[in-house]
Amino acid sequence: MQDLGIRVLFMGNNFLRLLLGLWITIKISLAAAGLSLVFGTFLGMVMTLENSVVRAVSRVYLEFIRIMPQLVLLFLVYFGLTKAFGVNLSGQASAVLVFTLWGTAEMGDLVRGALVSIPRHQYETGTALGLGPLQIYWYVIIPQAVQRLLPLAINLTTRMIKTTSLVVLIGVVEVMKAAQQIIEANRYTVPDAALWIYGAIFFLYFFVCWPISLLAARLERAQ
Amino acid sequence: MDFEEVLLEVRHLHKDYGNGPVLEDVSFQVHKGEVIVIIGPSGCGKSTLLRCINGLEEIVSGGIWLDGEAVGKDKAKWREVRQKVGMVFQNYDLFPHMTVIDNILLGPVKVQKREKKKAEEEAEKLLERVGLLDKKKAYPRQLSGGQKQRVAIVQALIMKPELMLFDEVTAALDPEMVREVLDVMLELAKGGSTMLIVTHEMQFARAVADRIIFLDEGRIAETGLPEAFFDQPKTERACRFLDTFLF
C-alpha cells in the first residue's frame, strides 16, 4: 500500500506539466475556434447566395474537409507542405491552420443552416416596413440566427477541444504528449502510471468541456 | 360617397411567374379615403396584386402610380413607397426576438429616423386603440394570433401610411379571434383611412367596402358597390362564387 500509483501525479512538477499541456490544447482550440467563427460566418453567408458558382465551390470545400479525417489533413499540412513547398510551419501553427480549415467548414454549414431556417416572411415583413437589405440582416435576421446558432457553435468548440488531442502525432507537446513523457519517465518506478495520468487527463478534459456543454444546453433551453 | 383625389392608380398590370399569367391587364384606381375590398376564388391573383403594389413582386408590364408619381423598378424609390403603403400579412409576422413595442418602433425609428420617444408615445396611443397597451413589453410568442395581427396593424399604422394593404389577415386565425381584428379594421375605415383589403369574410366585405373588385383568373371580372355586387352580381362567375358562401 506504500506504493500508491497516484503519487506519480505529484512527483516533481508532473501535474504542472500536464496543466501546461492542457493550456496548449486550449490555446490551439480557442485560436482555431475563434478563426473558424469569423471565416465560418462569412462562408455561411456566402453559401446562402444564389450564385451557383459560389455555391458549388463552397459545397466542394465543405464536403472535402468534412469527409477527410482530421489526422490526414494534419499530416498533409505539417509534413506535406514542408516536403513539397519548403513551407515550414511549426506544429502548433499547423494545428491551428488545420483546425481552422475544418472548423470553418463546420461553422459555415451551421451558419448557413441558421440563416435559411429564418422564414421568408421575416424578410418580407422587414421589406414591407421599408427596411433596406442591410437593415433587415442586422435587425431581423442576424439576431434570430445567432439565437439558433449559439448552442451549436459552442458544441463545435467542445468537439474541437477533444479533437485537438490528435496534434500529439505531429509532435506538439500538448496534454497527451506531456502525459506520455511522464509515463515514459516513470515506467520503472511507477508501473501503473498510465492509469493515473490518463485518468487525470480524463478529468481535465471533463472539467474543460463540461461547463461549455452546460452553457450550450442552457442556451438551447432558453429559446 | 364622393372621392376626388386619386391616391393609387394601377394601369394594365401584368404579372406572371413563367407558367402562365397570374394577373392580366388589371386596371383600377383607389381614391383617398376609399376602402376597396378585393374578393375572388383562391389562386385568382388577389394576394399577388397586393404584393405588386408594394413591390414585393416585380411586375411584368403595366404601371403603378402613387400620388401621381410612377413607381418603376428603382429600389430606392420602392423603399420610399413602402413607407407610404403599409401592409399586413396573413401569417401575423412579427419579429419573434423583439417585444411588441420594439416591433412597432423598428420602422419609425430605423427607417423614418423619427425620435424614439415621440414614436413611443404614438405607439402607446395606437396600442391603446387596439386594446393591447398592457402587452407592450410582451414577446410575440406570448400573444394569441388575433393579438399579433392587431400589433401588426399598429406596426404598419405607425408609419403613417397613405394606403393600407390587408392580405387575408384573418384567414389563419381561429374563428373567435377574427372579430377583434375585423373590428379594428372597420374602425380604421370609419376614420377615413384608405384601404385595400383582400378577404374571404363576405359579411365584413359588405360592411366595410366602398367598392368591391371581383378578381377571377387574374382579371377584374366585376366591380361595383357592395350592395349591388352582393345582391345582384352581374357576371355568372361572381354568382357562382357568392353561392359557395351560402348554405
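In short, a report on the structure. (Residues numbered from 1 in each chain as written. Chains lettered and ligands numbered in written order. Predicted model: local features only at pLDDT ≥ 70, side-chain atom pairs only at ≥ 80, totals over all residues. Heavy atoms only, no water.)

**Comments concerning the overall build of chain A**
Part 1 of the argument: Within chain A one finds eight helices and zero strands.
Part 2 of the argument: Along chain A, helices and strands appear, N-terminal first, in the series α-α-α-α-α-α-α-α.
Part 3 of the argument: For 223 residues, the compact-globule estimate of 2.2 N^0.38 gives 17 Å, and chain A exceeds it by more than 25% at 22 Å.
Part 4 of the argument: Looking at chain A as a whole, 42% of its 223 residues are labelled buried.
Part 5 of the argument: Distance between charge centres in chain A, computed from 16 positive and 10 negative side chains, equals 2 Å. (Helix = DSSP H or I, 4+ residues; strand = E, 2+ residues; numbered from the N terminus. Rg over C-alpha atoms; globule rule 2.2 N^0.38 Å. Buried < 20%, exposed > 50% of the residue type's maximum accessible area, 1.4 Å probe, protein only. Lys, Arg positive; Asp, Glu negative; His and termini not counted. Charge placed at Lys NZ, Arg CZ, Asp CG, Glu CD.)

**A look at the overall build of chain B**
Part 1 of the argument: Helix and strand content of chain B: nine helices and ten strands.
Part 2 of the argument: On C-alpha atoms alone, chain B measures out to a radius of gyration of 18 Å, which is about the 18 Å that the 2.2 N^0.38 rule sets for 247 residues.
Part 3 of the argument: Over its C-alpha atoms, taken along the principal directions, chain B stretches across nearly 50 × 45 × 40 Å.
Part 4 of the argument: In chain B, which comprises 247 residues, the share counted as buried stands at 55%.
Part 5 of the argument: Restricting the contact set of chain B to residue pairs at least 6 apart, pairs at least 24 apart contribute 67%.
Part 6 of the argument: Accessible surface, chain B as shown: approximately 11600 Å² in total, 47% of it carbon and sulfur.
Part 7 of the argument: Positive and negative side-chain charges of chain B, numbering 34 and 40 respectively, have mean locations separated by a distance of 7 Å. (Contact = heavy atoms within 4.5 Å. Areas by Shrake-Rupley, 256 points an atom, 1.4 Å probe, with all protein chains shown as cover.)

**With respect to the packing of aromatic side chains**
Part 1 of the argument: If you walk through the whole model with that rule in mind, you get eleven aromatic pairs over all chains.
Part 2 of the argument: Ring geometry for F241(B) and F245(B): centres 5.1 Å apart, planes at 75°, overall edge-to-face.
Part 3 of the argument: Ring pairing ties together the aromatic residues F202(A), F203(A), F206(A), F207(A) and W210(A), which thus form one cluster.
Part 4 of the argument: The side chain of R11(B) reaches across the aromatic face of W65(B), ending 4.1 Å from its centre.
Part 5 of the argument: When the ring centre of Y139(B) is taken as origin, the NZ or CZ atom of R141(B), which lies over that ring, is 5.1 Å away. (Phe/Tyr/Trp six-rings, centres within 6.5 Å; stacked < 30°, edge-to-face > 60°. Lys NZ or Arg CZ within 6 Å of the ring centre and 35° of its normal.)

**Things to note about the pattern of salt bridges**
Part 1 of the argument: Taken as a whole and judged by the stated rule, the model has 26 salt bridges over all chains.
Part 2 of the argument: E124(A) is the partner of R51(B) in a salt bridge, and the nearest nitrogen-oxygen pair spans 2.6 Å. Of this pair, R51(B) sits in helix α1 (residues 46–53) while E124(A) sits in helix α5 (residues 120–128), on two different chains. Here R51(B) and E124(A) have matching classes, each one buried.
Part 3 of the argument: K136(B) is the salt-bridge partner of E120(B), the closest N and O atoms lying 3.3 Å from each other. Highlighted residues: E120(B) in helix α4 (residues 116–129) and K136(B) in the loop between α4 and α5 (145–157), separated in sequence by 16 residues.
Part 4 of the argument: Its relative accessible area of 22% is what places E120(B) among the partly exposed residues. (Salt bridge = Lys/Arg side-chain N within 4 Å of Asp/Glu carboxyl O.)

**So, the sheet that holds strand β5 (residues 69–71) of chain B**
Residue and element names in this part refer to chain B.
Part 1 of the argument: Strand order in the open sheet formed by four strands is β2-β1-β4-β5, with antiparallel pairing between adjacent strands. Each edge of the sheet is formed by a strand with only one pairing partner; in this case those strands are β2 (21–31) and β5. With strand direction ignored, the average angle separating the axes of adjacent strands in the sheet is 25°.
Part 2 of the argument: The sheet contact formed by strand β1 (residues 6–16) and strand β4 (residues 61–66) spans five bridges and is antiparallel. In the strand pairing of β4, L8 is matched with L66. (Pairing = 2+ DSSP bridges. Axes fitted to C-alpha atoms, helices over the stretch in contact; angles between N-to-C directions.)

**Considerations on the environment of I24(A)**
Part 1 of the argument: Inspection of the secondary structure assignment puts I24(A) in helix α1 (residues 14–47).
Part 2 of the argument: For I24(A), the contacting residues outside a window of four places in its chain are Q92(A), V172(A), V173(A) and E174(A).

**Observations concerning the sheet that holds strand β10 (residues 219–224) of chain B**
Residue and element names in this part refer to chain B.
Part 1 of the argument: One open sheet accounts for six strands, arranged β6-β7-β8-β3-β9-β10; its pairing is mixed. The open sheet has two free edges, formed respectively by β6 (85–88) and β10, since each of these has just one partner strand. Neighbour-to-neighbour, the strand axes of the sheet open up by a mean angle of 20°, direction not taken into account.
Part 2 of the argument: Of the strand pairs in this sheet, strand β3 (residues 35–39) and strand β9 (residues 211–216) are connected by four bridges, and their pairing is parallel. Paired with I39 across the strands is F214, a residue of β9.

**Some thoughts on a nonpolar patch on the surface**
Residues and elements named next belong to chain A.
Part 1 of the argument: Residues F202, F203, F206, F207, W210 and L214 make up a contiguous nonpolar surface patch of about 670 Å² in total accessible area.
Part 2 of the argument: Note on placement: F202 falls in helix α8 (residues 193–221).
Part 3 of the argument: For F202, a relative accessible area of 56% puts it in the exposed group. (Patch = residues over 30% accessible without salt bridge, like charges linked within 9 Å, V, L, I, M, F, W, Y side chains within 5 Å.)

**Some thoughts on the side chain of T25(A)**
Part 1 of the argument: Residue placement: T25(A) occurs in helix α1.
Part 2 of the argument: In this structure, T25(A) is in contact with I161(A), T164(A), E174(A), V175(A) and Y205(A), ignoring residues within four places of it in sequence.

**Overview of helix α6 (residues 133–163) of chain A**
Two residues of an α-helix separated by three or four positions point the same way, owing to the 3.6 residues in each turn.
Part 1 of the argument: Between its first and last C-alpha, α6(A) extends only 39 Å over 31 residues, short of the 45 Å set by a 1.5 Å rise per residue.
Part 2 of the argument: The largest bend along α6(A) reaches roughly 45° and is located at I141(A), with the proline P143(A) sitting one to four residues downstream. (Expected span 1.5 Å × (residues − 1). Bend = angle between axes of the 7 residues up to and from the residue.)

**Structural notes on the packing of α5(A) against α6(A)**
All names here are of chain A.
Part 1 of the argument: Where α5 meets α6, the axes come as close as 10 Å, and the angle between the chain directions of the two elements is 155°. Taken together, α5 and α6 sit at an angle that is classed as roughly antiparallel. Helix-helix and strand crossings are classified by hand; for α5 and α6 the assignment is right-handed. Touching Q122, Y123, G126 and T127 of α5 are I136, V140, I141 and Q144, all from α6.
Part 2 of the argument: Among the residues making up the contact of α5 with α6, the classes are represented as four nonpolar, four polar and no charged. (Parallel < 35°, antiparallel > 145°, perpendicular 65-115°, else oblique. Left-handed = near helix turned anticlockwise from the far one by under 90°. Nonpolar A, V, L, I, M, F, W, Y, C, P; charged D, E, K, R; others polar.)

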